[in-house]
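One-letter residues, chain by chain:
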Amino acid sequence: MKYTSFNTNGLTGTRISRPQARIIVLKFSVALNREHFARTAACDMIYTDALISGSGTYTRGKFLDAVNNTGGSLDVSMYGDILTISLKVIDTNLQPLLSLFLIMLTNPTFAGSELKRSKETIANELDEYKENARARAIDGLRSALYAQTSPLYTFEPEKIQKELLRVSRKEILSIHKTILKQPWTVTVAGGEKKTQHIVKKLTLFRKKNPVGKQKEKTFHTPQPVQKKVLKFISIPSKQNIEFNIGNIVPITLYDKDYTAFVFGFNVLALMGGFTGRLMSTVREKEGLTYGIYGRVTATSTDDYGYYNIATFFAPNNAHKGITSTLREIRSISEHGITDDEFVRFKAILGTREILTHDSLLRVTGELHSALLSGRTFKEFIDLKKKIQQLKKQDINNALAKYLSPDALVISVAGPVKTVKEELESFRK
Amino acid sequence: MSKKRERNGNAVPGFAFIKKVGGISEYRLKNNGLSILYKRIKGTGIVTTNITYLVGARDESVGETGIAHMLEHMLFMPTKSDIKVKTGSGAMHFERETGCILNANTCKDRTTYFFSYPVEHFERALSIEADRMLNVVLNDAVFKPEQGNVLSEFDMYNGDPHFALAVQLVSSAFHSHTYGHETIGYREDIEAYTVEKLQRFYKNYYRPNNATLMVVGDIDEIKALNAIKRIFGSLQNSKSPIHRHSVNEPIQEGVRRVEIVRPSTTNILALGIKHAAFPSKEWFATMTFFSLLAGGPDSILHKKLIDTGLASSIDTILEPTRDINLGVLFVTLTKKISHEKMELPVLKIIQELKSKDITKQAKKVLKKTITDEFFTRENSLGIVRELTEYTAAGDWAKYYETEEILHSITTKDIVNVAKTMFEPERMTIGYFRGLQT
């Protein structure tokens with residue numbers, strides 16, 4: 001694979017080309033940098049639907065029809081404060097899909113009838129979401145860690161449903177205006193010629209829509225909780241109890257402790273497979289759950305992120321499961337990783353990085369996330385070296401500093417009535 | 001011998017070269033009948049090896065549903081050799097030392113295990129697969145905790161109303177065929193497993209001549225085959241024949257119905273239809289029909305039900321199975337409409353498609369499916385995932401005919417799905433009723 005970075009005024013990104021690649025992936029993201037309220041969340045949900053619901057002379061039906069006629073896909077999503085549009089297509093159909101993408105950005109209709117439809121369908125989706133214990137557990141964690149004005153705070157579905165009714169077309173237009181004026185981060189992957197063509201088109205598009213007066217990022221600077229916090233979300237229809245456990249990690253990507261902490265945390269809870277300590281104890285040895293994984297996320301070059309551990313237990317195993325999980329957190333924070341783990345995880349993380357390159361899609365996703373967090377392409381590449389240069393003592397120091405079983409949030413979703421009293425003992 | 005012949009496995013003694021289709025070569029290890037599929041992907045430094053056993057839910061007897069899946073979990077337990085060297089399970093040890101990606105899954109017709117890793121670990125991966133094919137030590141000490149994990153997995157699925165409804169749908173749709181239970185089995189059966197039951201199942205189905213080993217990645221063909229011969233060549237098949245159920249499903253004589261009532265705010269209408277085997281043209285026509293109905297915001301039911309506020313989501317299940325199976329369309333209802341009031345309009349929409357001109361829509365869906373195929377096949381893991389299904393269905397070479405089959409589907413083929421598969425004698429209808437307390 002060949003990587004080429006580009007940085008013109010307000011358009012930053014990387015082109016990944018692979019010989020004979022027939023697939024094309026484009027990820028286009030914009031940070032909106034706003035204060036967040038329930039209203040913002042409602043607007044964002046409507047916006048991501050409304051953007052693909054008619055542009056120029058295309059009605060919603062005709063626009064979706066045109067996209068599908070290319071065989072490709074255009075997806076719009078909002079995470080936190082970042083809008084991302086993903087385009088996937090095979091090379092022979094790139095031109096029509098790219099044109100639709102640009103039309104969508106240039107002249108979205110945001111017709112009143114579509115906004116009305118959008119409000120109703122989103123309200124219905126939120127009703128379904130109310131029963132999604134897994135999603136609610138992670139959202140519950142974020143709501144306990146972040147202030148309401150933070151983009152990572154998740155409002156209760158009822159609050160968002162209330163706000164949906166009040167969202168105006170003016171507010172939707174305002175989001176779009178911001179998107180066209182803010183800097184764009186782009187990752188594009190495919191064959192050499194096609195990716196060059198995409199970047200050329202985007203550069204021209206940027207010239208027609210130059211960066212305006214930028215909205216500066218609103219810093220929310222979350223702080224870690226200093227004690228155990230329990231948050232219960234009752235969903236009586238579920239059989240298992242979903243847990244999401246975590247805390248703010250008060251360092252940025254540039255902090256010397258960051259890579260060390262992530263390394264150590266991966267020893268505890270590496271996502272996927274059976275290598276993390278939690279999987280080998282809570283699942284393998286104790287048979288308490290099917291899966292228990294964690295990650296460090298949302299950290300950027302100028303803001304703090306958080307770590308979280310996600311799992312579920314049957315109600316009669318909930319207390320045991322949390323006890324075991326907290327035990328492992330204590331063990332690694334107090335005693336650190338072993339020499340064996342230090343050597344093994346250098347190999348494991350090195351291999352994981354190599355295996356990413358089996359898939360153009362995966363590489364694109366990972367690189368794009370890195371760019372969105374504020375890393376440059378060079379920093380993304382150099383991360384490999386950084387990991388291999390870590391010292392065990394630095395890892396253990398970072399774990400001791402930022403991980404504690406006595407200071408974290410335990411977000412619980414499901415038939416919580418059956419376990420609440422028992423779990424309250426963890427507050428002590 | 002010419003240089004060209006030396007470059008392919010024909011020159012490696014011990015192998016019968018079967019055929020080459022597209023970029024994939026098929027061999028059989030003469031000693032024990034192990035099938036091998038090999039595909040080269042140069043320049044990545046990565047190999048994915050995948051071994052597929054022709055055993056799945058279809059092979060399970062009454063009272064032992066889910067045992068193929070349970071055994072899949074047990075294949076990650078230590079073998080005799082692992083116990084000797086005290087490293088724990090070879091597969092887990094491999095992952096913990098190298099960071100390879102590993103996993104496994106079981107479906108109706110097959111169980112499959114894969115590793116993806118840098119090429120220098122190729123022989124180690126092969127050794128693990130060869131060892132655990134026959135030598136996993138099954139005892140209560142390793143079985144009981146893993147049984148707990150499988151029960152945990154069952155509870156995870158069972159908490160999903162769609163899964164709970166699907167269990168009821170298939171058990172009503174099939175009275176004899178062993179597709180009449182979900183792959184994970186019934187909880188009561190999982191609780192009743194014994195090591196003896198597992199051992200019997202393991203001995204019967206895990207053997208070289210019931211397995212296909214796939215090697216996809218950056219490794220030379222001769223090198224790969226020589227390693228396979230060295231590592232798998234001494235494995236023996238059990239002398240007893242492989243036990244297979246022989247079942248004739250009784251004729252269905254009308255719509256079958258099921259209902260689940262649980263405390264919940266969710267309400268679902270499900271339409272189950274019996275569809276043709278994979279990878280027939282009819283199966284792909286059914287897939288296309290399902291996409292037409294429920295494949296995104298441009299689809300028919302999305303526009304008529306979600307955009308009008310009658311449904312909050314629509315989902316489909318269509319498994320690639322060797323025999324006729326049940327595909328399901330799920331409609332999650334909003335508060336606006338009841339199951340009974342939703343059922344007729346949905347069936348009416350489907351009936352209307354019998355006489356509508358859906359050529360344009362069909363072409364769109366087929367284009368999208370072909371694009372999706374490109375994305376699935378862009379990496380070695382995606383390739384083995386698909387090859388597994390074609391292998392399990394009995395003809396791996398059809399993997400290269402997918403695009404051709406899709407191009408050959410006509411509007412008539414799709415309309416035929418509406419005409420034949422939604423007839424009462426092929427349908428099972430299910431209601432998940434949420435009881436608000």
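Residues numbered from 1 in each chain as written. Chains lettered and ligands numbered in written order. Predicted model: local features only at pLDDT ≥ 70, side-chain atom pairs only at ≥ 80, totals over all residues. Heavy atoms only, no water.

A. Main features of the overall build of chain B. Helices and strands together make up the secondary structure of chain B, namely 17 helices and 12 strands. Here the C-alpha radius of gyration of chain B, 23 Å, is about what a compact globule of 437 residues would show, namely 22 Å. Its C-alpha atoms give chain B principal-axis dimensions of roughly 65 × 55 × 40 Å. Evaluated residue by residue, chain B yields a buried proportion of 59% over its 437 residues. (Helix = DSSP H or I, 4+ residues; strand = E, 2+ residues; numbered from the N terminus. Rg over C-alpha atoms; globule rule 2.2 N^0.38 Å. Buried < 20%, exposed > 50% of the residue type's maximum accessible area, 1.4 Å probe, protein only.)

B. A look at the overall build of chain A. The helix and strand inventory of chain A stands at 16 helices and 13 strands. In terms of its C-alpha atoms, chain A occupies a principal-axis envelope of roughly 60 × 50 × 35 Å. A burial count over chain A gives 60% of its 428 residues as buried. Here chain A has roughly 17,500 Å² of accessible surface; of this, 54% comes from carbon and sulfur atoms. Across chain A, 62 positive and 42 negative side-chain charges occur, with their mean positions spaced 5 Å apart. (Areas by Shrake-Rupley, 256 points an atom, 1.4 Å probe, with all protein chains shown as cover. Lys, Arg positive; Asp, Glu negative; His and termini not counted. Charge placed at Lys NZ, Arg CZ, Asp CG, Glu CD.)

C. The pattern of salt bridges, seen in detail. As enumerated under the stated definition, the model contains 65 salt bridges over all chains in all. Between A:Glu334 and A:Arg330 there is a salt bridge, with its nearest N and O atoms 3.3 Å apart. With A:Glu334 and A:Arg330 both in helix 11 (residues 318-335) and four residues apart, this pair spans about one turn of that helix. The partner of B:Glu373 in a salt bridge is B:Arg377, and the shortest N-O contact between them spans 3.0 Å. Overall, the relative accessible area of 18% leaves B:Glu373 in the buried class. Residues participating in the shared-partner salt-bridge network are A:Asp49, A:Arg60, A:Glu114, A:Arg117 and B:Asp307. (Salt bridge = Lys/Arg side-chain N within 4 Å of Asp/Glu carboxyl O.)

D. Local environment of unusual backbone geometry. With an omega of 0 degrees, the peptide bond between B:Phe278 and B:Pro279 qualifies as cis. Its location among the elements puts B:Pro279 in the loop between strand 9 (268-275) and helix 11 (281-294). Its identity as a non-glycine residue notwithstanding, A:Phe110 has a phi of 45 degrees, on the positive side. Assignment of secondary structure puts A:Phe110 in the loop between helix 3 (94-106) and helix 4 (112-129). Look at A:Phe110 and you get buried, because its relative accessible area is 1%. Its identity is not glycine, yet B:Lys86 carries a phi of approximately 60 degrees, on the positive side. With respect to the helices, strands and loops of the structure, B:Lys86 is situated in the loop between helix 3 (80-85) and helix 4 (90-98).

E. Quick peek at the sheet that holds strand 12 (residues 305-313) of chain A. All names here are of chain A. The strand order 9-13-10-12-11 describes an open sheet built from five strands, whose pairing is mixed. Sheet topology places strand 9 (228-234) and strand 11 (292-297) at the edges, where each strand pairs with a single neighbour. Averaged over all adjacent pairs, the angle separating strand axes in this sheet is 15 degrees, with direction ignored. (Pairing = 2+ DSSP bridges. Axes fitted to C-alpha atoms, helices over the stretch in contact; angles between N-to-C directions.)

F. Examining the interface of chain B and chain A more closely. Residue-level contacts link 55 residues of chain B with 58 residues of chain A. Buried area between chain B and chain A, both sides added, is near 4,700 Å², and the carbon and sulfur share of it is 54%. Inspection of the region where chain B meets chain A yields eight salt bridges. Where A:Asp65 meets B:Lys364, a salt bridge forms, and the shortest distance between an N and an O atom there is 2.4 Å. At the junction of chain B with chain A, the criterion picks out 28 residue pairs in polar contact (both at pLDDT 80 or more). Split by residue class, the side of chain B that touches chain A holds 17 nonpolar, 23 polar and 15 charged. (Contact = heavy atoms within 4.5 Å. Buried area = accessible area lost by both parts, 1.4 Å probe. Polar contact = N/O pair within 3.5 Å; in protein donor to acceptor, adjacent residues only side chain to side chain. Nonpolar A, V, L, I, M, F, W, Y, C, P; charged D, E, K, R; others polar.)

G. A look at the confidence of the model for chain B. All names here are of chain B. Of all residues in chain B, 97% attain a pLDDT of 70 or more, and the chain-wide mean is 94. Overall, residues 1-7 carries pLDDT values under 50, and its contacts beyond four positions in sequence, including any with other chains, amount to six contacts. Among the prediction metrics, the complex's ipTM stands at 0.93, with pTM recorded as 0.95. (pLDDT = per-residue confidence, 0-100.)

H. Geometry of the packing of aromatic side chains. Scanning the entire structure with this criterion turns up 36 aromatic pairs over all chains. Cluster of aromatic residues (ring-pair linked, three or more members): A:Phe274, B:Tyr53, B:Phe76, B:Tyr113, B:Tyr202 and B:Tyr206. Sitting over the ring of B:Tyr179, B:Lys108 keeps its end group 6.0 Å from the ring centre. One residue, B:Arg132, lies across the ring of B:Phe76, its end atom 4.8 Å from the ring centre. (Phe/Tyr/Trp six-rings, centres within 6.5 Å; stacked < 30°, edge-to-face > 60°. Lys NZ or Arg CZ within 6 Å of the ring centre and 35° of its normal.)

I. Representation of the packing of helix 4 of chain B against helix 5 (residues 122-134) of chain B in the model. Residue and element names in this part refer to chain B. It is the contact of helix 4 with helix 5, at a shortest axis distance of 9 Å, that shows an interaxial angle of 160 degrees. Overall, the two elements helix 4 and helix 5 adopt an arrangement that is roughly antiparallel. Where helix 4 crosses over helix 5, the handedness of that crossing is left-handed. Across the interface between the two elements, Gly90, Ala91, His93, Phe94, Glu97 and Thr98 from helix 4 touch Arg124, Ala125, Ile128 and Arg132 from helix 5. (Parallel < 35°, antiparallel > 145°, perpendicular 65-115°, else oblique. Left-handed = near helix turned anticlockwise from the far one by under 90°.)

J. View of the sheet that holds strand 8 (residues 184-190) of chain A. All names here are of chain A. Spatially, 1-2-8-3-7-6 is the arrangement adopted by the six strands of the open sheet, whose pairing is mixed. Of all the strands in the sheet, just strand 1 (2-8) and strand 6 (73-79) have a single pairing partner and so form its edges. The sheet shows a mean angle of 15 degrees between the axes of neighbouring strands, direction not considered. Along the sheet, helix 1 (residues 38-50) contacts strand 6 and strand 7 (82-90); its crossing angle with strand 6, the most-contacted strand, is approximately 170 degrees.

K. Up close: helix 5 (residues 133-145) of chain A. All names here are of chain A. Under the 1.5 Å per step criterion, the end-to-end length of helix 5 is 18 Å for 13 residues, consistent within 8% with the ideal 18 Å. Within helix 5, 10 of the 13 residues are buried, which leaves the element mostly enclosed by the surrounding structure. Taken together, the buried positions of helix 5 are Ala133, Arg136, Ala137, Ile138, Asp139, Gly140, Leu141, Arg142, Ser143 and Leu145. (Expected span 1.5 Å × (residues − 1).)

L. Seen up close, the environment of A:Lys2. Residues and elements named next belong to chain A. Topologically, Lys2 is positioned in strand 1. Distance in space between the C-alpha atoms of Lys2 and Ile332 is 39 Å, their sequence separation being 330 residues. Each residue touching Lys2, except ones within four places of it in the same chain, is listed here: Arg15, Ile16, Ser17 and Glu192. Side-chain polar atoms of Lys2 contact the side chain of Glu192, separated by 3.3 Å.

M. Main features of the side chain of A:Thr356. Tracing the backbone shows A:Thr356 in helix 12 (residues 339-356). Non-local contacts of A:Thr356, meaning those with residues more than four positions away in its chain, are made with A:Arg362, A:Val363 and A:Glu366.

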